[in-house]
Amino acid sequence: MTQKSYDAIIIGAGVIGCCVAFELSKRGWKTLNIDRLPAAGYGSTSYSCAIIRTHYSTFTGTAMAYEGYHIWREWGDYLGVKDESGWAQYRETGCLALKTDGNNNMASVRQHSESLKIPMEDWTKTQILERLPFLDLTKYGPAKLSDHPNFGEPTGGDLAGAVYFPKAGYINDPQLAAHNVQRAAEAQGATFQFNTEIVAIRSKGDRVSGITLRDGNDIDAKVVVNVGGPHSPKINAMAGVLEDMNLSSRALRQEVAYIPTVPNFDFEANGVIYTDEDIGCYAKPEVGNKMAVGSHNPECDPDDYVDYDDFDDNLTDQAQHQIYRLAQRMPTLGIPGHVSGAVACYDQTPDWIPIYDKTCLDGYYMAVGTSGNQFKNAPVAGACMASLIEGCEGGQDHDLNPITHHLKNIVQDIDLSFFSRKRMINTESSFTVLG
Ligand SMILES: Cc1cc2nc3c(=O)[nH]c(=O)nc-3n(C[C@H](O)[C@H](O)[C@H](O)COP(=O)(O)OP(=O)(O)OC[C@H]3O[C@@H](n4cnc5c(N)ncnc54)[C@H](O)[C@@H]3O)c2cc1C
């Protein structure tokens, strides 16, 4: 049976799926988000560390992040409506990124930040220790697993310093942020359907015509957008568009540990977003004066590609390795006997840059491959997708004549072919979760 039809069906109601709905519905599109889970943001969004960095390894990535920062800072203005559950909060803690040999002392990151006039400060070792007196700035890199025979041995001298980005921070509740955007989209006329799984993408000739649900019902739409998170490659396979892509994405399993912070320091109040490529870890303040500790996926960490419908969601030794690595830098950090944390997946591309693009099936688009670093960009990604979809549906061939998107807060145009499925692997990338 065919239900009523829509201008666009958006597969997924994670933070990016909701933002695509909001941006399209603001432009007058009649949208329907369908999600197999019970509420917005219950997929990988709910596991996100929701770090809002203002720096990336590429110019376009940096521009998007800085545009995003302006939106998170004025979140209520962006949404334009109240949410009965309240608004997610932006906590502007600043981000300290250590200069290492591997990141060339942050040279390219600094250059992009400088050209976009993003506030940043070069900090000496003394300045770092003034803010975080418990750090040991000895070089230990390259990062090792904690059972490596040379783990914990200094590898020569101290780190050169750090770059401090004062505008960075994190969102306190990523799932609530997605719910906020759902409410904002609904206020523009968008519809959401939960506990509903899409099992097929239908087409007529070269053009998408709609989707089929697990219960056998069809829903028609002029446009279908895959925002399925780590399920997105399976959805692309349903649509038969994988062959036409130069690069695709895979579900990469991740562990994030939640631990008590160093003694005698209120990390929740005075901590920062901390990124350290020398030990291959990042840390962020968490409620209850805790720290979330994640991996930069250095070479020593196994690439744990999984079937997103069937993977082990228990913490393993990997979480312990991350904590031990951080304890090299924070020698007073206790190693908890019992570690709590979260296990989730990135939808990772080979260059850790997302794919925001059209496909070889007319009317079928994707916002996928978000590689563990696109929560911060969700509102901007939603707007980019709306520009892309309107441009392509208006007849522009994005593959030959790329669509640009205007970032209005920072007054900067970006060329959306940067995110193309047809691109060569971007060698400017950090090839880590930093993008
Ligand atoms: C552990 C972790 C830490 C992270 N930390 C950060 C960070 O600090 N900063 C940052 O910027 N980014 C971070 N990210 C990345 C960020 O969270 C993601 O890029 C973002 O949440 C992706 O949102 P999404 O809407 O694309 O996908 P998701 O939130 O995964 O949503 C996809 C939705 O699609 C639905 N779906 C899939 N298939 C179907 C189907 N067939 N039918 C119906 N529904 C379907 C799913 O149920 C799901 O709800 C992190 C990610 C993880 C996993």
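Here is what the cut-offs are and how they apply
- Residues numbered from 1 in each chain as written.
- Predicted model: local features only at pLDDT ≥ 70, side-chain atom pairs only at ≥ 80, totals over all residues.
- Helix = DSSP H or I, 4+ residues; strand = E, 2+ residues; numbered from the N terminus.
- Rg over C-alpha atoms; globule rule 2.2 N^0.38 Å.
- Buried ≥ 20, exposed ≤ 12 C-beta atoms within 10 Å, placed from the backbone.
- Contact = placed C-beta atoms within 7 Å.
- Axes fitted to C-alpha atoms, helices over the stretch in contact; angles between N-to-C directions.
- Parallel < 35°, antiparallel > 145°, perpendicular 65-115°, else oblique.
- Left-handed = near helix turned anticlockwise from the far one by under 90°.
- Nonpolar A, V, L, I, M, F, W, Y, C, P; charged D, E, K, R; others polar.
- Near = placed C-beta within 6 Å.
- Domains from an automatic or database assignment.
- Pairing = 2+ DSSP bridges.
- Expected span 1.5 Å × (residues − 1).

**Topic: the overall build of the protein**
Helices and strands together make up the secondary structure of the protein, namely ten helices and 21 strands. For 435 residues, the compact-globule estimate of 2.2 N^0.38 gives 22 Å, and the protein sits close to it at 21 Å. For the protein, the C-alpha atoms occupy an extent of roughly 65 × 45 × 45 Å along the three principal directions. Burial status across the protein gives 51% buried among its 435 residues. Pairs at least 24 residues apart make up 73% of the contacts formed inside the protein by residues separated by at least 6 positions.

**What to know about the packing of helix 1 (residues 15–26) against helix 6 (residues 174–187)**
Two elements in contact, helix 1 and helix 6, have axes separated by 8 Å at closest approach and are oriented at 20 degrees. One way to sum up the angle between helix 1 and helix 6 is to call them roughly parallel. As for how helix 1 packs across helix 6, the hand of that crossing is left-handed. Judged by residue contacts, Val15, Cys18, Cys19, Ala21, Phe22 and Ser25 of helix 1 engage Pro174, Ala177, Ala178, Val181, Gln182, Ala184 and Ala185 from helix 6. Of the residues assigned to the contact of helix 1 with helix 6, the class counts are eleven nonpolar, two polar and no charged.

**Examining the site of the ligand**
Near the ligand lie 39 residues; those nearest to it are Gly12, Gly14, Gly43, Ser48 and Gly229. Secondary-structure elements contributing two or more residues to the shell around the ligand are helix 1, strand 13 (250–260) and strand 17 (340–348). Classifying every residue of the shell around the ligand gives 20 nonpolar, 15 polar and four charged.

**So, the domain arrangement of the protein**
Per the domain assignment, the segments of the protein are domain 1 (2–86 + 173–249 + 351–419) and domain 2 (95–166 + 251–346). The distance between the C-alpha centroids of domain 1 and domain 2 comes to 30 Å. Every contact between the two is made by 17 residues of domain 1 and, on the other side, 21 residues of domain 2. A per-element tally of the side of domain 1 that touches domain 2 places helix 2 (residues 59–73) first, with four residues. A breakdown of the residues in the side of domain 1 that touches domain 2 according to their chemical character gives eight nonpolar, eight polar and one charged.

**With respect to the pairing of strand 5 (residues 95–98)**
Side-chain positions along a regular strand alternate between the two faces of the sheet. Here strand 5 shows no split at all, with Cys95 and Ala97 on one side and Leu96 and Leu98 on the other all buried. Two strands pair when backbone bridges link them, and strand 5 and strand 7 (residues 162–165) are joined in this way by four bridges, in the antiparallel orientation. Looking across to strand 7, one finds that leucine 96 is bridged to tyrosine 164. The pairing of strand 5 with strand 14 (residues 273–276) spans three bridges and is classified as parallel. Counted as the bridge partner of cysteine 95 is isoleucine 273 from strand 14.

**Re the sheet that holds strand 5**
Strands sit in the order 6-7-5-14-15-16-13-17 across an open sheet of eight strands; the sheet is mixed. Two strands bound the open sheet, and with one partner strand each, they are strand 6 (121–123) and strand 17. Ignoring which end each strand starts from, the neighbouring axes of this sheet average 20 degrees apart. Pairing of strand 14 with strand 15 (residues 281–286) involves three bridges; the strand directions are antiparallel. Bridging from a neighbouring strand, threonine 275 pairs with tyrosine 282 of strand 15. Those strands touched by helix 9 (residues 317–329) are strand 13, strand 14, strand 15, strand 16 (290–295) and strand 17, and its axis lies near 55 degrees from that of strand 13.

**Points about helix 6**
Helix length check: helix 6, at 14 residues, gives a terminal C-alpha distance of 20 Å against a target of 20 Å (1.5 Å per residue), a fit within 8%. Where burial is concerned, most of helix 6 is hidden: eleven out of the 14 residues are buried. Pro174, Gln175, Ala177, Ala178, His179, Asn180, Val181, Gln182, Arg183, Ala184 and Ala185 are the residues of helix 6 that are buried. Against helix 1, helix 3 (75–79), strand 8 (169–171) and strand 9 (191–193) lie the buried residues of helix 6.

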